[in-house]
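Residue-level structural notes
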Amino acid sequence: MDQKFLTEEAILAEITGSWAGKRIKVFSETDSTNIQCRRLAAEGWPEGTLVVSECQNAGKGRRGRGWVSPAGTGIWMSLLLRPEIPPQKASMLTLVAALAVEKGIRLGTGLDSRIKWPNDLVIGQKKICGILTEMRTQGNVTEHVVVGIGINANIKEFPEEIKESATSLYLVKGEEINRKKVIGCVMAAFEEYWETFLQTLDLRALKEEYDAKLVNLGRQVRVLEPGGEYTGLCRGIGSEGELLVVLPDGEEKTIFSGEVSVRGVYGYV
Ligand code: BTN
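Residues numbered from 1 in each chain as written. Predicted model: local features only at pLDDT ≥ 70, side-chain atom pairs only at ≥ 80, totals over all residues. Heavy atoms only, no water.

Section: the side chain of Ser 168
Within the secondary structure layout, Ser 168 lies in the loop between β7 (141-151) and α4 (169-173). Classification of Ser 168 by relative accessible area gives buried; the value is 0%. When residues no more than four places from it in sequence are discounted, the contact partners of Ser 168 are Ile 128, Asn 152, Ala 153, Ile 155 and Phe 158. (Helix = DSSP H or I, 4+ residues; strand = E, 2+ residues; numbered from the N terminus. Buried < 20%, exposed > 50% of the residue type's maximum accessible area, 1.4 Å probe, protein only. Contact = heavy atoms within 4.5 Å.)

Quick look at the pairing of β7
Among the 11 residues in β7, nine count as buried, and that is most of the element. As judged from the seven bridges shared by strand β3 (residues 75-81) and β7, these two strands associate in the antiparallel manner. By the bridge assignment, Leu 81 is partnered in β7 with Val 145. In this structure, strand β6 (residues 126-138) lies alongside β7, joined through 10 bridges in antiparallel fashion. Its bridge partner lying in β7, Gly 130 is registered against Gly 150. (Pairing = 2+ DSSP bridges.)

Some details on the pattern of salt bridges
The final tally for this structure, using the stated rule, is 16 salt bridges. In this structure, Arg 38 and Glu 134 form a salt bridge, with 3.7 Å as the shortest nitrogen-oxygen distance. With Arg 38 in helix α2 (residues 33-42) and Glu 134 in strand β6, the pair connects residues that are 96 residues apart, well separated along the chain. Assessed through its relative accessible area of 29%, Arg 38 is described here as partly exposed. Taking the relative accessible area as the measure of exposure, Glu 134 reaches 16% and is therefore buried. Note that Arg 106 and Glu 102 form a salt bridge whose closest N and O atoms lie 2.9 Å from each other. Here the residue Arg 106 and the residue Glu 102 both occupy positions in helix α3 (residues 92-109), the gap between them amounting to four residues, near one helical turn. Using a relative accessible area of 1% as the deciding quantity, one classes Glu 102 as buried. Salt bridges here are not isolated pairs; linked through shared partners, they connect Arg 38, Lys 60 and Glu 134. (Salt bridge = Lys/Arg side-chain N within 4 Å of Asp/Glu carboxyl O.)

Now the structure itself:
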């Protein structure tokens, strides 16, 4: 059973790792946890700081879109990282986070979800989580990275515009989700995958596990680029997190995230 409100103490009680989520700031309402986390980063808060809000009134999605973040029902959180990696490697952190969220949801709720490359989690055909990674750089130095995670936990009803493509853990499971437990499980899983990532600074050791969770694997995908679109067979990810897609003529395309959007041939997945 989910307690009504998230508090720093209650979340801390679920943190089992050594650094991710060890410093927590909880808001009852804020603009965006990513914005607040970036502010704390500038104030010098340490790696592993976690910002959580019951409600976001300016939640941010990818590509300048908004993120529906109603009060008391979701997990809207941002994790501060200070990795010593060049900025071009930071997009891989989104994939590390996706692995952690999948595992955290599985251990925290018993529900199986899949990853839709690069940064969504889905159950069935519908989205249950989105990840927005933002960073501050100085030349070729990464000053900090903020990994923003939005999990539709106990949302009971979605607005008309996203009803067809979004669902929540509550709607799938048919019972209230313990948000604090899921947060703790995601943080513990993040530490684990993060350590593996740091060993090689790429995804070579995580690729197999990512592919095993990848909903797109072995399916026809529609790749939407600013200049046009094409369809091909998804072969999984490469060691830098790029998606490998084979075109009908046998040519293999390597797709890096950014302005590209990948969809199923018949819909979102
Ligand atoms: C997407 O799928 O478009 C990414 C959505 C990311 C939403 C989360 S909610 C917590 C964090 N704060 C934000 O403003 N956005 C991210």
